[in-house]
Amino acid sequence: MAEATTQVKTQPGHYRQLLGQYEITALSDGTNAMPMDKLLTHTDPNTIRQLLAEKSLSPTVETSINAFLINTGKNLVLIDTGNGTQANSNVGKVQKNLLASGYRPEQVDTILMTHLHGDHFGGLVQNGKLSYPNATVYVSQKEYDFWLDPQHLAQAAPERKPAFQRVQDVFKILAAANKVKTFSGDAPLLPGITPVFAPGHTPGHTAYSIVSDGNKLLAWGDIVHAEAVQMPIPETTISFDSDMDQATKTR
Ligand SMILES: [Zn+2]
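Colleague: I'm lost on the coordination of the zinc ion in this one. Help?
Modeller: Reference values for angles at a metal are 109.5 degrees in the four-donor tetrahedral case and 90 or 180 degrees in the six-donor octahedral case. For the zinc ion, every protein donor is listed as His115 (NE2), His117 (ND1), His201 (NE2) and Asp222 (OD), and the spread of their distances is 2.1 to 2.3 Å. With four donor atoms in place around the zinc ion and angles of 90 to 172° between them, the coordination shape is irregular. Along the chain, the residues donating to the zinc ion are arranged with the sequence spacing H-x1-H-x83-H-x20-D. On the criterion of sequence distance, the pair formed by histidine 201 in the loop between β11 (193–197) and β12 (206–212) and aspartate 222 in the loop between β13 (215–219) and α8 (227–230) is long-range, its members being 21 residues apart. Taken as a pair, histidine 201 and aspartate 222 share a single burial class, namely buried.

Colleague: It is not clear to me how unusual backbone geometry should be interpreted in this structure. Could you clarify?
Modeller: A positive phi angle, close to 70°, is found at lysine 9, a residue other than glycine. On the secondary structure map, lysine 9 appears in the segment before β1 (14–19). You can call lysine 9 exposed: its relative accessible area is 69%. Within the chain, asparagine 127 stands out as a residue other than glycine whose phi angle is a positive 50°. Positionally, asparagine 127 belongs in the loop between β7 (125–126) and β8 (129–130). Accessibility expressed as a relative area gives 75% for asparagine 127, which makes it exposed.

Cut-offs used in this document
Residues numbered from 1 in each chain as written. Predicted model: local features only at pLDDT ≥ 70, side-chain atom pairs only at ≥ 80, totals over all residues. Heavy atoms only, no water. Donors = N, O, S within 2.8 Å, 3.2 Å for Na, K, Ca; no water. Tetrahedral: all angles 85-135°; square planar, octahedral: opposite > 155°, others 65-115°. Helix = DSSP H or I, 4+ residues; strand = E, 2+ residues; numbered from the N terminus. Buried < 20%, exposed > 50% of the residue type's maximum accessible area, 1.4 Å probe, protein only.

From the geometry alone we can't say anything about function, so treat these as descriptive.
Below is the structure:
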């Protein structure tokens, strides 16, 4: 009898599809278990549980953290960077999955940030070094000002200070390498790639519209966390949306 071959069991951490002339690769950073019946607000927990059940989901949802790699043929663009590699963690796999998908970090020339939460910007710098050494990092002026203002760090509640401090530490390294560009308005940043101001989750949260040959993709960042609930009831917001009413309007 032949010796059994060990099954891998896990899914690959990247998924690729074409969008017109552009190649899009979704890169998994890993997953977080979130008790949606406790974290979502403005909709009663029974309705939340029922809507999740209709999509065969339990109240605690294994939510995905993803980054998106866009090869336009001229530029290699990364939208968000995940948490950054962490010991003994279920997350922080974007760069590993980028390599597995057939690219190298040095090839990325542009990084677009949806917002400056740790699970989106954390992968920009690893051990004090740029994870994507040839990339210019774009962030909306409003988001940049919110997190980088020393006053905001000074005035933040004690439990919120580490989040501000981490942004400021990482962006200090990026700024020293002259790698940060801020933007306001909705002018395209690259051909077919346009910022869409989408505030509410954070003050300067930005989605990105990607259009090629009439095909369109919206990378909407964290404005939706539980599609099964927030698509039918957009008023449903999550406890860590910074401005819940604004987040509802944006959705
Ligand atoms: Zn977020």
